[in-house]
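Residues per chain, in single letters:
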Amino acid sequence: MSERMKEAIQRLADLQEKNHLGGGQVHIERQHGRNKLAARERIDLLVDADTFTELGSCVNTTGARMDGRRTDAPCDGAVTGTGKVDGRLVGVYSSDFTVLGGSLGVQHLQKCSEWVIHCTKYSLPMVWLLDSSGGRLGYKDTMFAGIEWYFCTISRSSGVVPQINVLMGPCIAGQAYAPTLCDFLLMSRETANLWLAGPRQAKAVTSEEIDKTVGSPDYHMAFSGTCDVVGDNDTETIAKARELLTYLPSNFREMPPIKENPTDSFRTVDDIVNLVPDDFSQTYDMHKVIEMLVDDGDYFEVKDQYAKNLICCLARMDGQPVGIVASNPAEPGSIMEINSCDKYYRFLQVLDAYNIPLVTLVDTPPTVPGEDQEEKGLLRHFSKIVDVYTTSTIPKISVVLREAYADAGALILGVSKGMGVDVSYAWPIAQYAVEASELDYREVYGKGIEDDAYTGYLNWSREKTDVFDVARGFTTQVVEEIIQPRDTRNKIILALEMCKDKVEVLPLRAKAHGTMPT
């Protein structure tokens, strides 16, 4: 080897060694002192050992500040590349908080945008490991720094390859849009915060003093609905991201990965009748029903503290990944309202984008009308569900356990064949109606109501229809088969097998679509 080559190789090694340390050991120790992992430590936890291949490892920006000083920025605070998770290649981007607070500079955003394009072009799922102070303020060349291109590439890749954002530090202003544009947002309870404008910015602009908990993982889980999954710390949150990937295909052209040789394939669930009371006034926890139905009792729930009256989770049935949407009578009446509509809408978009079948477990009364819900656009939110359910092309299986009333149960949870459900089952105790009220409308409307209007219309709307009456006439297009509760799991598996090569008879709009925020 020539001296020139030796010198060049040594130069490369020295540069990469320097860049691998990011902002230096002092800043790495500071991260550890905040119970945060460094950027490359997070990558090591996410991907299989010795599989990470970096792209852009030699980038080192010397930024010119407004005050004339220049600042060294190894990798410009962005570590990008590919690695394997359970043997499958994925794209990885980890922002480095030890380098200028992980802020967004020109080269940082250029690397990220190219990384998104690279992953989309080669059909690789993307995982963001975010820890960023937002835009890089105080530098001459970073007015927008290419952030508009960054947003554009993320949005155009939506629904093409899965995008998972794992937030393990602050995420403010410009960078804060990225988590909301991805398919799933996971946040570390110990280290993550997400704001469009943090407490200091809010006070400067509006004089309002907001608590730091506004923007915390639990806040975005319980109140805004922005967060999908919360982990206790960096390590647990990254482990949850690895688990989530097992349910998702690499891209929209592929089917989700099937687990071969499941341990409990075809089996009855004899004890399920003991979980669901036949007295409709009694509640129960639908989580226990799901646990009994799915493979090994394992499921991956999203937004578990948001709109808790509706459960959305990923699971497997006979090794096949499915998305389950289920009423939860343990929460106030399992009533569908605006927040549960948003939760359902977003989840169904993702399922349809990545070819994951939908199973709905229905036990819900109708929505409760009122000024609060109406002024917030309840009808608009219901209509979103009608649109996404009827236009989705994935297999759709529904099971009515007890109640399916009106818009909430019969329509947007996919009980009616006219909505596009492929197979609709019902338990023998199920009943259907337009509404569930027990009030005497003659008292509500006053003495001016005619008896024939009461008996012919107003009272009829809440008449409960027994499932056997519904099933007797196949033309009702509501129940295809009444099933024994113990056979529920097996019937769903058989329906999924029948629908696996489903082709829509009626023409629909193009399959490829994004999973835009609700």
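Remember, predicted model here, so these are calculated numbers, not experimental data.

Rules of the game
Residues numbered from 1 in each chain as written. Predicted model: local features only at pLDDT ≥ 70, side-chain atom pairs only at ≥ 80, totals over all residues. Heavy atoms only, no water. Helix = DSSP H or I, 4+ residues; strand = E, 2+ residues; numbered from the N terminus. Buried < 20%, exposed > 50% of the residue type's maximum accessible area, 1.4 Å probe, protein only. Lys, Arg positive; Asp, Glu negative; His and termini not counted. Salt bridge = Lys/Arg side-chain N within 4 Å of Asp/Glu carboxyl O. Polar contact = N/O pair within 3.5 Å; in protein donor to acceptor, adjacent residues only side chain to side chain. Phe/Tyr/Trp six-rings, centres within 6.5 Å; stacked < 30°, edge-to-face > 60°. Lys NZ or Arg CZ within 6 Å of the ring centre and 35° of its normal. Axes fitted to C-alpha atoms, helices over the stretch in contact; angles between N-to-C directions. Parallel < 35°, antiparallel > 145°, perpendicular 65-115°, else oblique. Left-handed = near helix turned anticlockwise from the far one by under 90°. Contact = heavy atoms within 4.5 Å. Nonpolar A, V, L, I, M, F, W, Y, C, P; charged D, E, K, R; others polar.

Enquirer: Looking at this structure, how should I read the side chain of R346?
Expert: Of note, R346 is situated in helix α12 (residues 338–353). Among buried charged residues, R346 stands out as having no salt bridge; its nearest opposite-charge side chain is D183, 4.8 Å away. At 2.4 Å, the side chain of R346 forms a polar contact with the backbone oxygen of C182.

Enquirer: Can you walk me through the packing of aromatic side chains in this structure?
Expert: In this description, an aromatic ring pair is defined by two values, namely the gap between the centres and the angle between the planes. Counted by the stated rule, this structure contains 6 aromatic pairs. With a centroid separation of 5.0 Å and an interplanar angle of 90 degrees, the aromatic rings of W115 and W128 are classed as edge-to-face. Within this pair, whereas W115 is found in helix α4 (residues 106–121), its partner W128 is found in strand β6 (residues 126–132), the two being separated by 13 residues in sequence. Each member of the pair, W115 together with W128, is buried. Grouping aromatic residues by their ring pairs yields a cluster made of Y93, W115 and W128. Just above the ring of Y345 sits the side chain of K384; from NZ or CZ to the centre is 4.9 Å. If you follow K396 out to its NZ or CZ, it ends over the ring of Y389, 4.7 Å from the centre.

Enquirer: Help me out: how do you make sense of the packing of helix α3 (residues 39–46) against helix α9 (residues 234–245) in this one?
Expert: Relative orientation and spacing of two packed helices are given, respectively, by the angle between their axes and the distance between those axes. Packing of α3 against α9 leaves a shortest axis separation of 9 Å and a crossing angle of 40 degrees. Regarding the angle of α3 to α9, the classification is oblique. In this structure, α3 meets α9 at a crossing whose hand is right-handed. Contacts between α3 and α9 involve R42, L45 and L46 on the former and, on the latter, D234, T235, I238 and R242. Of the residues assigned to the contact of α3 with α9, the class counts are 3 nonpolar, 1 polar and 3 charged.

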